[in-house]
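Chain by chain, the residues:
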Amino acid sequence: MSSLKGIELLESLCPTISVGMLTANLLSLGSELSLLEQSGVRLLHVDVMDGCFCPMMTVGPPLIQAMKTPLLKDVHLMIQDPLEKLGDYVAAGADVVTVHAESCMHIHRVLQQLGSLQNANDPDRGLVRGLALNPGTPIEVVEPLLDALDLVFLLAINPGWGGQKFLTSTARRIEKLRKRVGTVQRRIFLGLDGGVTRANIADVAKLGADIVVTGSAVFDGKAPAENARFMLDAVRSSAPC
Ligand code: DX5
Ligand code: ZN
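Note that the structure is predicted; figures quoted are calculated from it, not measured.

Criteria and cut-off values
Residues numbered from 1 in each chain as written. Chains lettered and ligands numbered in written order. Predicted model: local features only at pLDDT ≥ 70, side-chain atom pairs only at ≥ 80, totals over all residues. Heavy atoms only, no water. Helix = DSSP H or I, 4+ residues; strand = E, 2+ residues; numbered from the N terminus. Rg over C-alpha atoms; globule rule 2.2 N^0.38 Å. Buried < 20%, exposed > 50% of the residue type's maximum accessible area, 1.4 Å probe, protein only. Contact = heavy atoms within 4.5 Å. Areas by Shrake-Rupley, 256 points an atom, 1.4 Å probe, with all protein chains shown as cover. Near = heavy atom within 4 Å. Polar contact = N/O pair within 3.5 Å; in protein donor to acceptor, adjacent residues only side chain to side chain. Nonpolar A, V, L, I, M, F, W, Y, C, P; charged D, E, K, R; others polar. Salt bridge = Lys/Arg side-chain N within 4 Å of Asp/Glu carboxyl O. Arc of directions from axis to C-beta. Donors = N, O, S within 2.8 Å, 3.2 Å for Na, K, Ca; no water. Tetrahedral: all angles 85-135°; square planar, octahedral: opposite > 155°, others 65-115°. Core = buried A, V, L, I, M, F, W, Y, C linked by side-chain atoms within 4.5 Å.

Undergrad: In this structure, what is going on with the overall build of the protein? I would like to understand it.
TA: When its secondary structure is counted, the protein shows eight helices and eight strands. Since a compact globule built from 241 residues should have a radius of gyration of about 18 Å, the 16 Å found for the protein is in line with a globular shape. In terms of overall dimensions, the protein has a C-alpha envelope of 45 × 40 × 35 Å along the principal axes. The buried share among the 241 residues of the protein stands at 55%. Pairs at least 24 apart in sequence give 66% of the contacts found in the protein among residues at least 6 apart. If you sum the accessible surface of the protein, you get close to 10400 Å²; carbon and sulfur atoms cover 55% of it.

See below:
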């Protein structure tokens, strides 16, 4: 797996799910991760919240580093002014680092900085540079940033908690984004994050995201392994060709 560059590796997995850990049992994190690994999941979505950019506080670099797993770490930074902190998350083993367009004054500089960092797991793998947009942010903000990113996540909820309701406006937003990204010569991945459930995942997958984040629908306190397989199968079978 490590001989493939991050972008090619991601390409080989898509369409896929990235499983969010927010509602996992953090006191049994090792066994929760094993369940995911055995279910065929390859991406682990880690929601980092600082209590400033969004209301909750979650985890930081030490816990990310402590997650010993072959899963690719897809780190979603919901933090204010991420520039100075990128190095800590990369050193902790992030493979995908996503920053928010709304998180600072100079987001292009943040993406440039990400592009200059090496993947600490394997320098040959490279880092995947992600940009996330809140539901209230116009799609057009990606325009001047397209040369500096590999992935755009659209949030289908407002950041802060798992288990919220998928916003219907997301469908037209991803359509608009796909059209714009489709004119770029380079591969740019599209992701959707938030509000995905067993009931709506087939419809969400049809919207054509490469990566669908799913948190509470997997870690529901009951059957995470079976839920993960269900969500992965649903994305693979429902995504448009
Ligand atoms: C929200 C996070 C999401 C969310 C996903 O702030 O970015 O990743 O936790 O959780 P579910 O799938 O429960 O909406
Ligand atoms: Zn997230």
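Now that the structure has been shown, the text picks up again.
Undergrad: Help me out: how do you make sense of the site of ligand 1 in this one?
TA: As a structural note, the neighbourhood of ligand 1 is formed by 19 residues, with Asp47, Gly163, Asp193, Gly215 and Ser216 the closest of them. Contact between ligand 1 and Gly163: an oxygen atom at 2.8 Å from a main-chain N or O atom of the residue. Between ligand 1 and Asp193 there is a distance of 2.6 Å, counted from an oxygen atom to a side-chain nitrogen or oxygen. In isolation ligand 1 offers 380 Å² of accessible surface; the protein chains occlude 99% of this area. When residues of the shell around ligand 1 are traced back to their parent elements, those giving at least two are β2 (43-49), β3 (72-78) and β8 (211-214). When residues of the shell around ligand 1 are assigned to their parent elements, the largest contribution, three residues, is made by β2. For the shell around ligand 1, the per-class residue count stands at seven nonpolar, 10 polar and two charged.

Undergrad: Where do I start with the pattern of salt bridges in this structure?
TA: Should the charged atoms of two oppositely charged side chains come close, the side chains can pair. Scanning all chains against the criterion turns up 11 salt bridges. Arg129 serves as the salt-bridge partner of Asp150, at 3.0 Å between the closest nitrogen and oxygen. A residue pair is termed long-range when its members are at least 10 positions apart, and Asp150 in the loop between β5 (128-133) and β6 (151-155) and Arg129 in strand β5 qualify at 21 residues. In this structure, Glu175 engages Arg178 in a salt bridge whose closest nitrogen and oxygen atoms are separated by 2.6 Å. Taken together, the residues Glu175 and Arg178, both in helix α6 (residues 169-181) and three residues apart, mark about one turn of the helix. Arg178 gets classed as partly exposed once you look at its relative accessible area, which sits at 30%.

Undergrad: So what exactly am I meant to see when it comes to helix α5 (residues 107-115) here?
TA: Spacing of three or four residues puts side chains on the same side of an α-helix, whose turn is 3.6 residues. Residues Ile107, Val110, Leu111 and Leu114 constitute the buried set of α5. The buried side chains of α5 occupy one side of the element, clustering within an arc of 95° when seen end-on. Elements that come into contact with the buried residues of α5 comprise α4 (86-91), β4 (96-100) and β5.

Undergrad: Can you walk me through the coordination of the zinc ion (ligand 2) in this structure?
TA: Tetrahedral metal sites with four donors have an ideal angle of 109.5 degrees; octahedral sites with six donors have ideal angles of 90 or 180 degrees. Protein-derived ligands of the zinc ion (ligand 2) are His45 (NE2), Asp47 (OD), His76 (ND1) and Asp193 (OD), with the metal-ligand distances lying across 2.1 to 2.2 Å. One can describe the site at the zinc ion (ligand 2) as octahedral: its six donor atoms subtend angles covering 70 to 172° at the metal. For the zinc ion (ligand 2), all donor residues lie on one chain, and their spacing in sequence is H-x1-D-x28-H-x116-D. By relative accessible area, which is 0% here, His45 ends up buried.

Undergrad: Even after reading the chapter, I still don't get the nonpolar core, so can you show me in this structure?
TA: Grouped burial of nonpolar side chains is what soluble globular proteins tend to show. Residues Leu36, Val48, Leu77 and Leu131 are the most contacted members of the largest nonpolar core, which totals 65 residues. Residue contributions to this core peak at five residues, all from helix α8 (residues 224-238). Apart from residues no more than four positions distant in its own chain, Leu77 is found in contact with Val48, Leu86, Tyr89, Val97, Thr98, Val99 and His100. The next biggest cluster of nonpolar side chains, apart from the first, holds 15 residues, and it includes Leu9, Leu43, Leu155 and Ile211.

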